[in-house]
Amino acid sequence: MKGNKLLCAGVMLALAPAAFAEEAETGRALYEANCASCHQFDGGGVPMMQPELILSPRANGDIGGVIDMILLGSAAVEPGMSDYSNEMPPFDYLTDEDIALIASYVRTNFENAGGAVTAADVHERRKRAGLEGTAQPE
Ligand code: HEC
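The structure displayed is predicted, hence computed values, not measured ones.

A. Representation of the coordination of the iron atom of the ligand within the structure. Protein ligation of the iron atom of the ligand involves His 39 (NE2) and Met 88 (SD), the donor distances falling in the range 2.0 to 2.2 Å. Between the 6 donor atoms coordinating the iron atom of the ligand, the angles at the centre fall across 87 to 179°, so the site counts as octahedral. With His 39 in helix 2 (residues 36-39) and Met 88 in the loop between helix 5 (74-77) and helix 6 (96-107), this pair connects stretches of sequence that are 49 residues apart.

B. Inspection of the site of the ligand at higher detail. Residues in contact with the ligand amount to 25 residues; listed here are only the nearest, Cys 35, Cys 38, His 39, Glu 78 and Met 88. With respect to the ligand, the side chain of Ser 82 contributes an N or O atom lying 2.7 Å from an oxygen atom. By residue number, the principal contributor to the shell around the ligand is helix 4 (residues 63-72), which donates 3 residues. Each residue belonging to the shell around the ligand can be placed in one class, and the counts come to 15 nonpolar, 7 polar and 3 charged.

C. Region of the structure containing the side chain of Thr 95. Its location among the elements puts Thr 95 in the loop between helix 5 and helix 6. One polar contact links the side chain of Thr 95 to the main-chain amide nitrogen of Asp 98, over a distance of 3.1 Å. Not counting the four nearest positions on each side in its chain, Thr 95 is found in contact with Arg 126, Ala 135, Gln 136 and Glu 138.

D. The arrangement of unusual backbone geometry in detail. Despite not being glycine, Phe 110 has its phi angle at roughly 55°, a positive value. Structurally, Phe 110 is set in the loop between helix 6 and helix 7 (119-128). The backbone phi angle of Glu 111 is positive, close to 65°, even though this residue is not glycine. Its location among the elements puts Glu 111 in the loop between helix 6 and helix 7. Classification of Glu 111 by relative accessible area gives exposed; the value is 62%.

E. Local environment of the packing of helix 6 against helix 7. Two numbers describe how helix 6 lies on helix 7: the axes approach to 8 Å, and their chain directions differ by 115°. Between helix 6 and helix 7, the interaxial angle falls into the category roughly perpendicular. The two elements helix 6 and helix 7 meet at a crossing, and its hand is right-handed. Where helix 6 abuts helix 7, its residues Asp 96, Glu 97, Ile 99 and Ala 100 lie against Ala 119, Val 122, His 123 and Arg 126. In the contact of helix 6 with helix 7, the residues fall into 4 nonpolar, 1 polar and 3 charged.

F. Fine view of the pattern of salt bridges. Scanning the entire structure with this criterion turns up 5 salt bridges. Salt-bridge contacts for Asp 96 lead to Arg 126; the nearest nitrogen and oxygen are separated by 2.7 Å. One end of the pair, Asp 96, is in helix 6; the other, Arg 126, is in helix 7, and 30 residues separate them in sequence. Each member of the pair, Asp 96 as well as Arg 126, carries the same accessibility label: buried.

Reading guide: rules and limits
- Residues numbered from 1 in each chain as written.
- Predicted model: local features only at pLDDT ≥ 70, side-chain atom pairs only at ≥ 80, totals over all residues.
- Heavy atoms only, no water.
- Donors = N, O, S within 2.8 Å, 3.2 Å for Na, K, Ca; no water.
- Tetrahedral: all angles 85-135°; square planar, octahedral: opposite > 155°, others 65-115°.
- Helix = DSSP H or I, 4+ residues; strand = E, 2+ residues; numbered from the N terminus.
- Near = heavy atom within 4 Å.
- Polar contact = N/O pair within 3.5 Å; in protein donor to acceptor, adjacent residues only side chain to side chain.
- Nonpolar A, V, L, I, M, F, W, Y, C, P; charged D, E, K, R; others polar.
- Contact = heavy atoms within 4.5 Å.
- Buried < 20%, exposed > 50% of the residue type's maximum accessible area, 1.4 Å probe, protein only.
- Axes fitted to C-alpha atoms, helices over the stretch in contact; angles between N-to-C directions.
- Parallel < 35°, antiparallel > 145°, perpendicular 65-115°, else oblique.
- Left-handed = near helix turned anticlockwise from the far one by under 90°.
- Salt bridge = Lys/Arg side-chain N within 4 Å of Asp/Glu carboxyl O.

Take it as geometry only, folks, not as evidence of what the structure does.
Structure representation (structure tokens):
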């Protein structure tokens, strides 16, 4: 029994990095489909139109800041005068899982070190914003 458990733990350890790499790949694909048109593939943004995400304050700060930006869009999160001519739309129709993968991708790339976000984190912010039920099934 003991040997089996050890073997089991060994297999799980061996599989964990593969699962992590797959999540990172999905996060990148989701970022490229939903965000890169504005923030660019390399996170460099476009001057005057939308900010770069390299060393982004929100991507490095509290997880609520970046989740709310994605869920609610820029007009809701930063109302009033903006330095940018574009407006970031809300992505509340994406699932908690997809938003978590995108937020994690942004927070662990482009020189950011904010760390990963979970679907439960996104769900909590969605509830707080009264947006339960807005995610579209895939
Ligand atoms: C239509 C263009 C557009 C799209 C698409 C878009 N954004 Fe944005 N984003 C903006 C603009 C404009 C701002 C700046 C808003 C402001 O400060 O007034 C912004 C701001 C941000 C910020 C805050 C940057 C900071 O100051 O730290 C983050 C993070 C962000 N976007 C992530 C994303 C992610 C992730 C996606 C995809 C799910 C996305 N954006 C899609 C235009 C866009």
